[in-house]
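A structural walkthrough
Chain by chain, the residues run as shown.
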Protein chains: 2
Amino acid sequence: MTSDASSGRRSTIHEVARAAGVSHQTVSRYLRGLGPFRPQTIEQVEAAIEELNYRPNTIARSMRTRRTGVLSVVLPSPVEQMPTPMLAAAGEVAHREGFLMEIAVVEGSPQERAARARELMDSGRVEGVLSLSGLPGLEESPRSATTAALAVLGQYDDRLRGIGPLADASLVAEIVRRLAAMGHRRFLHVQGPQEWASAAARRQIFEETIAADGLESHGVVGGAWSPETGHAAIMELAEDSGVTAVVAANDYVAFGVMRAAHERGWRIPEDLSVVGWDDLGVSRYAVPALSTVAADRAGQGRFAMERLIALVREQDPPTVMPEMNTLLLRESVGPAPRR
Amino acid sequence: MTSDASSGRRSTIHEVARAAGVSHQTVSRYLRGLGPFRPQTIEQVEAAIEELNYRPNTIARSMRTRRTGVLSVVLPSPVEQMPTPMLAAAGEVAHREGFLMEIAVVEGSPQERAARARELMDSGRVEGVLSLSGLPGLEESPRSATTAALAVLGQYDDRLRGIGPLADASLVAEIVRRLAAMGHRRFLHVQGPQEWASAAARRQIFEETIAADGLESHGVVGGAWSPETGHAAIMELAEDSGVTAVVAANDYVAFGVMRAAHERGWRIPEDLSVVGWDDLGVSRYAVPALSTVAADRAGQGRFAMERLIALVREQDPPTVMPEMNTLLLRESVGPAPRR
DNA sequence: ATCGGTCATGTGATCGGTCACACATGCTCG
DNA sequence: CGAGCATGTGTGACCGATCACATGACCGAT
């Protein structure tokens, strides 16, 4: 904007101090808003900053203070289905608390991801790391002098109980029972990738509920979050399979299921009922409108970020998040067809 | 893992050097893989690193080298429809070139976003900034000593010519002409938010083509990227509007359009043809399958990131990206109904 | 006249690395 | 046999901030 100092080098606090005729420490204090100043001093410092177009070097500051104000969310690599509402909410919380949230996309296997996350924690670049997927070998930790804090959402423990709300699949039981109440007896589950806590939990609850309630499972197929998965699952189904209800891993999968049913000439919900998970923005606009679970991703994002920030500050983490999933039954479910 | 040094402080290169019986410089060289070493030296240094559980402090390194290896993508705040395939591809390029890509979600008006981006560029924390939206007052720049490089994708210039491939809307003309060839005469455009270069460009080309080809526009409505927008646009349409073809701003909007048509009892494509933009993963699985433009987001992401990296390295930026949009006509378009 | 306290500012060390350069050793070659 | 060179390593300055502590001016109280 104004004269851009003399050379291409960026100016430092010392140069500002010299230009203002004060000590570097005075400038530093000014920048941090500390201590009272003589009006004249303020004026001179401000003029010098303006003239030299000075901006503090965050790196240098971080080196001394060991604070960076940056929290990092690490995401597994197939980033296509990034949980954006969650990230948006998490970012909002971070912003409110004075942090900058960055998203780091990390490639590779769970082991490689864990190594990269570890590296990030040790680099000094961030004060906290939030992982949305499990990181084998790393455990949640408060911030220490040696590393950044770590919060993990959606991780499973040894008994496959998700500790994060992400993995809470209890509503799958509700789905199955509601469908059973409408007369459905034979179910198909199209599962997601089993490395994901949430996918594994949904499958587990599905099978448990089928068994507990004396219903029939035609089986579990699939293994990805994509529409293709759902499409293939239905196309491979025998004409006389007897399946009248499909529990899909998520809405993407459910879209594929609905499309395949259409292609086979099966009406939804008259011939087949379908339920997804996630309540994508377009799901209620599908024809027929897709039944799903609204997972309050925003709430989960807030929760996760608040938890991380508490760990960073070595405060008490927030209490366990209440159940926040909501089952939305729309046009894609109906009474089971008569045999 | 092993003994965690003595205290809570993290160990430094000097401590490693002392433990290994070499100079700090030798350790530094070892870490950077420079120069040859005596086998014994390597052994001692590795043992010391292992024993002290040493990790280099990236901040301290960056301070001296002025390199951070971090490129930042700044996204506007309503992050719900984050262009994930683009980000994924961009991240891949960054990774391949030895950079870490972070995504910074920035809140506020375009002006505020520009200010935050500026701050990020001046902080020294990142070497380059890639903005997916326009930043008023900031222009693309190579990396200088004073700030990070900036690349802007989808920005418009004074004459509303998008400089980024994102804003290339030329296929809108093709869409309109293909529909006209099927007998459509009266069109509706449901536009996106006009602050977005891409939305503005699509609208402009729509209107230009209508005028140039002597067709009729029922008007332009809407102004957001959401299904609600498309839904409302159709619900408000008079029964005798004469509109037989809708050009929607993107697939989200198109989903809303299709749903509303269904609710009004209009068949697609027999009564109404609909075209979206973006080719969402679920679009080809919709019933009827949604016609759209596959924008090769991944290609755009790669292009943008390569451009940024070239700016950072002060090399020649890649040549202008070739046309990469593809029109996909699916079930949602058909011949115009007879009056 | 001296003392203690507040106000406003200055001095030098420090964070943990890299950079520039010096230096010691052993080998080859004229 | 010493110059020249490659090999391997060490010394101290430096990046740009903050931190800990010192200092000088001014004030009212003893």
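Sequence order as written defines the numbering, with residues in each chain counted from 1. As they are written, the chains are lettered A onward and the ligands numbered 1 onward, keeping that order. Residues qualify for local features only when their pLDDT is at least 70, as the model is predicted, and side-chain atom pairs are given and counted only at 80 or more; totals for whole chains, interfaces and linings, by contrast, use all residues. Just so you know, side-chain values use all the structure's heavy atoms and leave hydrogens and water out.

**What to know about the pattern of salt bridges**
Here is the rule: Any Lys or Arg side-chain nitrogen located within 4 Å of an Asp or Glu carboxyl oxygen qualifies as a salt bridge. A run of H or I in DSSP becomes a helix once it reaches four residues, and a run of E becomes a strand once it reaches two; helices and strands are each numbered from the N terminus.
What the rule picks out here adds up to 40 salt bridges over all chains. For A:Arg259, the salt bridge is made with B:Glu331, and the minimal N-O distance between the two is 2.4 Å. Of this pair, A:Arg259 sits in helix H10 (residues 251-263) while B:Glu331 is found in the segment after strand S10 (326-328), placing the two residues in two different chains. Residues participating in the shared-partner salt-bridge network are A:Arg96, A:Glu97, A:Glu306 and A:Arg313.

**With respect to the pairing of strand S3 (residues 128-131) of chain B**
All names here are of chain B. Note the threshold: Between buried and exposed lies partly exposed: a residue is buried under 20% and exposed over 50% of the maximum accessible area for its type, with that area taken using a 1.4 Å probe on protein chains only. What makes two strands pair is DSSP finding at least two bridges between them.
Alternating residues of S3 divide into Gly 128 and Leu 130 and Val 129 and Ser 131, and every residue in both groups is buried. As judged from the 4 bridges shared by strand S1 (residues 70-76) and S3, these two strands associate in the parallel manner. Looking at S3, one finds that Leu 71 is bridged to Gly 128. Examined bridge by bridge, S3 and strand S4 (residues 149-152) share 4 bridges and lie parallel to one another. Bridge pairing links Leu 130 to Ala 151 in S4.

**Some details on the packing of helix H7 (residues 171-181) of chain B against helix H8 (residues 197-212) of chain B**
Residues and elements named next belong to chain B. Heads up, the condition is: Between N-to-C directions, angles cover 0 to 180 degrees, with each direction set by a line fitted to C-alpha atoms, over the stretch in contact for helices. Under this scheme an angle from 65 to 115 degrees is roughly perpendicular, one under 35 degrees roughly parallel, and one over 145 degrees roughly antiparallel; angles in between are oblique. If you view the pair so one helix is near and one far, a crossing is left-handed when the near helix is turned anticlockwise from the far one by less than a right angle, and right-handed when it is turned clockwise. We call two residues in contact when some of their heavy atoms are within 4.5 Å. All residues other than Ala, Val, Leu, Ile, Met, Phe, Trp, Tyr, Cys, Pro, Asp, Glu, Lys and Arg, Gly among them, are scored as polar; the first ten of these are nonpolar and the last four charged.
The N-to-C vectors of H7 and H8 enclose an angle of 40°; their axes lie 8 Å apart at closest approach. The angle between H7 and H8 falls in the class oblique. In terms of crossing hand, the pair formed by H7 and H8 is right-handed. In contact with Val 172, Ala 173, Val 176 and Arg 177 of H7, H8 contributes Arg 202, Ile 205, Phe 206, Thr 209 and Ile 210. Class assignment for the residues of the contact of H7 with H8 results in 6 nonpolar, 1 polar and 2 charged.

**Some remarks on the sheet that holds strand S2 (residues 100-106) of chain B**
The mixed open sheet is built from 8 strands, whose spatial order is S4(A)-S3(A)-S1(A)-S2(A)-S2(B)-S1(B)-S3(B)-S4(B). Only two strands of the sheet have a single neighbouring strand rather than two, namely strand S4 (149-152) of chain A together with S4 of chain B. Sheet twist, expressed as the average angle between the axes of neighbouring strands with direction ignored, equals 25°. Contacting strand S1 (70-76), strand S2 (100-106), strand S3 (128-131) and S4 of chain A together with S2 of chain B, helix H6 (residues 110-122) of chain A crosses the sheet at an angle of about 175° to S1(A). Across the face of the sheet, helix H5 (residues 84-96) of chain B comes into contact with S1 and S2 of chain B while running at roughly 140° to S2(B).

**Examining the protein's contact with DNA strand D**
To keep things clear, this is the line we draw: Residues are classed as near a molecule or strand on a simple rule: at least one heavy atom within 4 Å of it. We define a polar contact as two N or O atoms separated by no more than 3.5 Å, with the added condition that, inside protein, one atom must be a possible hydrogen donor and the other a possible acceptor, whereas residues neighbouring each other in sequence contribute only through side-chain atom pairs.
Around DNA strand D, a shell composed of 29 residues is seen, among which A:Ser28, A:Arg32, B:Pro36, B:Thr41 and B:Arg66 lie nearest. When atoms of DNA strand D within 4 Å of the protein are split into backbone and base, the sugar-phosphate part holds 57%. Within the contact set of DNA strand D, a phosphate oxygen lies 2.8 Å away from a side-chain nitrogen or oxygen of B:Thr26. Where the surface near DNA strand D is concerned, the elements lending two or more residues are helix H1 (13-20), helix H2 (24-32) and helix H4 (58-65) of chain A together with helix H2 (24-32) and helix H4 (58-65) of chain B. Looking at the surface near DNA strand D, its residues break down into 8 nonpolar, 12 polar and 9 charged.

**Remarks on the interface of chain B and chain A**
The test is simple: Put simply, buried area is the surface a 1.4 Å probe can reach on two separate parts but cannot reach once they are joined, added for both.
Across the boundary between the two partners, chain B contributes 56 residues, which contact 57 residues of chain A. A buried area of about 5,100 Å², summed over both sides, lies between chain B and chain A, and 62% of it is on carbon and sulfur atoms. When the buried area of chain B at its contact with chain A is split by residue, B:Ile59, B:Arg259 and B:Tyr285 rank highest and sum to 15% of it. Applying the counting rule to chain B against chain A returns 8 salt bridges.

**Brief notes about H5(B)**
Residue and element names in this part refer to chain B. Put simply, the rule reads: To estimate how far a helix should extend, the number of its residues minus one is multiplied by 1.5 Å.
Look at H5: 18 Å from first C-alpha to last across 13 residues, which is about the 18 Å you get at 1.5 Å a residue. Within H5, burial applies to Thr 84, Met 86, Leu 87, Ala 88, Ala 89, Ala 90, Gly 91, Val 93 and Ala 94. Against the buried residues of H5 lie S1, S2 and helix H11 (297-312). One or two steps after H5, the chain reaches Gly 98, where phi turns positive at roughly 90°.

**With respect to the sheet that holds strand S7 (residues 245-248) of chain B**
All names here are of chain B. One open sheet accounts for 4 strands, arranged S6-S5-S7-S8; its pairing is parallel. The open sheet is flanked by strand S6 (216-222) and strand S8 (273-275), the only strands paired with a single partner. Averaged over all neighbouring strand pairs, the angle between strand axes comes to 20°, with direction disregarded. Taken together, the 4 bridges between strand S5 (residues 186-191) and S7 define a ladder with parallel strand orientation. Bridge pairing links Leu 188 to Val 246 in S7.

**Concerning the side chain of A:Arg330**
All names here are of chain A. Its place among the elements puts Arg 330 in the segment after strand S10 (326-328). In this structure the side chain of Arg 330 is engaged in a polar contact, spanning 3.1 Å, whose partner is the side chain of Asp 279. Non-local contacts of Arg 330, meaning those with residues more than four positions away in its chain, are made with Asp 279, Ser 283, Arg 284, Ala 289, Leu 290, Ser 291 and Thr 292.

**Notes on the environment of A:Thr26**
Residues and elements named next belong to chain A. Secondary-structure assignment places Thr 26 in helix H2. For Thr 26, a relative accessible area of 15% gives the class buried. Taking the C-alpha atoms as reference points, Thr 26 and Val 45, 19 residues apart in sequence, are found 8.7 Å from one another. Setting aside residues no more than four positions away along its own chain, Thr 26 makes contact with Phe 37 and Thr 41.

**What to know about the protein's contact with DNA strand C**
For DNA strand C, the set of nearby residues contains 29 residues, the closest of which are A:Pro36, A:Thr41, A:Arg66, B:Ser28 and B:Arg32. What you see for DNA strand C is that sugar and phosphate hold 55% of its atoms within 4 Å of the protein. Contact distances for DNA strand C include 3.0 Å between a sugar or linking oxygen and a side-chain N or O atom of B:Tyr54.

**Details of helix H1 (residues 13-20) of chain B**
Residues and elements named next belong to chain B. Definition in use: Comment: arc refers to directions from the helix axis out to C-beta atoms.
Within H1 the residues assigned to the buried category are Ile 13, Val 16, Ala 17 and Ala 20. Taken end-on, H1 shows its buried residues confined to a sector of 100°, consistent with a single buried face. Projecting away from the buried face of H1 at angles above 90 degrees are the exposed residues His 14 and Arg 18. At its buried positions, H1 is contacted by H2 and helix H3 (39-52). With a side-chain oxygen lying 3.1 Å from the backbone nitrogen of His 14, the N-terminal cap of H1 falls on Thr 12.

**Quick word on the relation of the copies chain B and chain A**
Operational definition: Copy-to-copy superposition: least squares on the C-alpha atoms, limited to residues that have pLDDT of at least 70 in both copies.
Once turned by 179° and shifted 0.2 Å along the axis, chain B lies on chain A with an RMSD of 0.3 Å. Between the two chains, the operation in question is that of a two-fold axis. The share of interface residues of chain B whose copies in chain A are also at the interface is 100%, consistent with both copies meeting through the same surface.

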